[in-house]
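Each chain, written out:
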Amino acid sequence: MDLSKEKLLEMYRTMLKIRIFEETALYESSRGNVQGALHLYIGEEAVAVGVCANLRKEDYITSTHRGHGHCIAKGADVKRMMAELFGKVTGYCKGKGGSMHIADFSIGMLGANGIVAGGIGMATGAALAIQMRKTDQVTVCFFGDGAANRGPFHEGLNMAAVWKLPVVFVCENNRYAQWTPQEKVTLVTDIADMAVAYGMPGVSVDGMDVMAVYETAHQAISRARRGEGPTLVECKTYRFHGHSLGDAQQYRSKEEVAEWSKRDPIKLFQAFLQDKSLLTEAEAKQIEESVRREIEEAVEFASSSPFPPPEEVFEDVVSKA
Ligand SMILES: Cc1ncc(C[n+]2csc(CCOP(=O)(O)OP(=O)(O)O)c2C)c(N)n1
Ligand SMILES: [Mg+2]
């Protein structure tokens, strides 16, 4: 696949941006500045970036409880994201939603989602809307291996296949649903094999390799854009941190984490770019410094923004007292 140097470096920068955003959020959480839960995407950056590098601004994505990477890869503003984590009025949900409710319709980011598999029905519906409007947009639905065992997975994939909807289902198989290993709850090794049940193509790809993800997603997204229907893409990946903050991680060994960490997707991509003489050590450092500055500015923005005023506590919420 022929991608320009500019595009490849942009992908590299976005992966770093996700990583540094989250490392910073974790640090700020330890200082008491983040309100609510944090599910870190660290280790899985190649999936969001490899997929979203194929998307246009007007395309849609749906996300999960582990959504920062999807938001950033689709072009969300890290200042408003950080402010949302800090519970500030300048955040995406005016500080009332937190990490799991970030959405930005202006860039087609239809929402993180605290309900496991909740995005599958939304993505299918958004794809139906595209089909009815007869545009060539596509929807990408990100979800986890755990979500593949919930009812909406069956309903969404079946309907999307039958109606040939322009949607790509991207399963981020990080081997665990909270503390439950995949093999305890799913007897197929490759979740991509489940696609057979719906009559759609299913492809399994190395989710630590951003170029492999890009190429696989490219095929699936192009197919959807041509009106040929959905694909199930399974990305084999791994989260380097616990499920969320305070996870003692007794369900996996330190050795297992260390083994997967050797295939850190950012380091792999850096090595790939250096091997192709597309990135020097000095350029890598420069990119990292510029990303660090951008995230520092986001923290400054979040810190200096006010909390929502108490008199607005019942505004923007679904139910009122
Ligand atoms: C319907 C529903 N059931 C249970 C939960 C609690 N819960 C939150 S995340 C999670 C695990 C999800 O695993 P997976 O889909 O593999 O995503 P991952 O966390 O690995 O990214 C569970 C069970 C929930 N949020 N929603
Ligand atoms: Mg999982």
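Residues numbered from 1 in each chain as written. Chains lettered and ligands numbered in written order. Predicted model: local features only at pLDDT ≥ 70, side-chain atom pairs only at ≥ 80, totals over all residues. Heavy atoms only, no water.

Draft legend 1. Region of interest: helix 1 (residues 5-30). The end-to-end C-alpha distance of helix 1 is 38 Å, a good match for the 38 Å that 26 residues give at a rise of 1.5 Å each. Positive backbone phi, approximately 85°, marks Gly32, located one or two places after helix 1. (Helix = DSSP H or I, 4+ residues; strand = E, 2+ residues; numbered from the N terminus. Expected span 1.5 Å × (residues − 1).)

Draft legend 2. Just the coordination of the magnesium ion (ligand 2), in detail. Every protein donor of the magnesium ion (ligand 2) is listed here as Asp145 (OD), Asn174 (OD1) and Tyr176 (O), and their distances to the metal cover 2.1 Å. Motif for the magnesium ion (ligand 2), donor spacing along one chain: D-x28-N-x1-Y. Residue Tyr176 is classed as buried on the basis of its relative accessible area, which comes to 6%. (Donors = N, O, S within 2.8 Å, 3.2 Å for Na, K, Ca; no water. Buried < 20%, exposed > 50% of the residue type's maximum accessible area, 1.4 Å probe, protein only.)

Draft legend 3. Looking closely at the site of ligand 1. In the vicinity of ligand 1, 15 residues are found, and the nearest of them are His65, Arg66, Gly114, Gly146 and Tyr176. Here a nitrogen atom of ligand 1 sits 3.2 Å away from a polar atom, N or O, in the main chain of Val116. Tyr176 is positioned with one of its backbone polar atoms (N or O) 2.9 Å from an oxygen atom of ligand 1. In this structure the site holding ligand 1 corresponds to the largest pocket. Classifying every residue of the shell around ligand 1 gives 5 nonpolar, 7 polar and 3 charged. (Near = heavy atom within 4 Å. Polar contact = N/O pair within 3.5 Å; in protein donor to acceptor, adjacent residues only side chain to side chain. 1 Å grid on protein atoms, 1.4 Å probe; cavity = no way out; pocket = protein on both sides within 12 Å on 5 of 7 lines; lining within 4 Å. Sits in = over half its atoms within 2 Å of the grid points. Nonpolar A, V, L, I, M, F, W, Y, C, P; charged D, E, K, R; others polar.)

Draft legend 4. Region of interest: the sheet that holds strand 1 (residues 60-62). Pairing within the open sheet is parallel, and its 5 strands lie in the order 1-2-3-7-6. Every interior strand has two partners, whereas the edge strands, strand 1 and strand 6 (202-206), have only one. Averaged over neighbouring strand pairs, the angle between their axes works out to 20° when direction is ignored. Here strand 2 (residues 139-144) pairs with strand 3 (residues 167-173) via 6 bridges, running parallel. Looking at strand 3, one finds that Phe142 is bridged to Val170. Contacts between helix 2 (residues 45-52) and the sheet are confined to strand 1, strand 2, strand 3 and strand 7 (231-236), with strand 2 contributing the most and set at about 170° to the helix. (Pairing = 2+ DSSP bridges. Axes fitted to C-alpha atoms, helices over the stretch in contact; angles between N-to-C directions. Contact = heavy atoms within 4.5 Å.)

Draft legend 5. Representation of the side chain of Asp264. With respect to the helices and strands, the residue Asp264 is situated in the loop between helix 9 (254-261) and helix 10 (265-275). Classification of Asp264 by relative accessible area gives buried; the value is 7%. Here Asp264 is in contact with Arg19 and Phe240, once residues within four sequence places are set aside.

Draft legend 6. Spatial organisation of the packing of aromatic side chains. Using the criterion set out here, one finds 6 aromatic pairs in the structure. With a centroid separation of 4.9 Å and an interplanar angle of 5°, the aromatic rings of Tyr238 and Trp260 are classed as stacked. Of the two residues, Tyr238 sits in the loop between strand 7 and helix 9 while Trp260 sits in helix 9, which places them 22 residues apart along the sequence. Residue classification places Tyr238 among the buried residues on the basis of a relative accessible area of 0%. Through a chain of ring-to-ring contacts, three or more aromatic side chains come together here, namely Tyr12, Phe269 and Phe272. Looking at Lys88, its charged tip hangs above the ring of Phe307, at a distance of 4.9 Å from the centre. (Phe/Tyr/Trp six-rings, centres within 6.5 Å; stacked < 30°, edge-to-face > 60°. Lys NZ or Arg CZ within 6 Å of the ring centre and 35° of its normal.)

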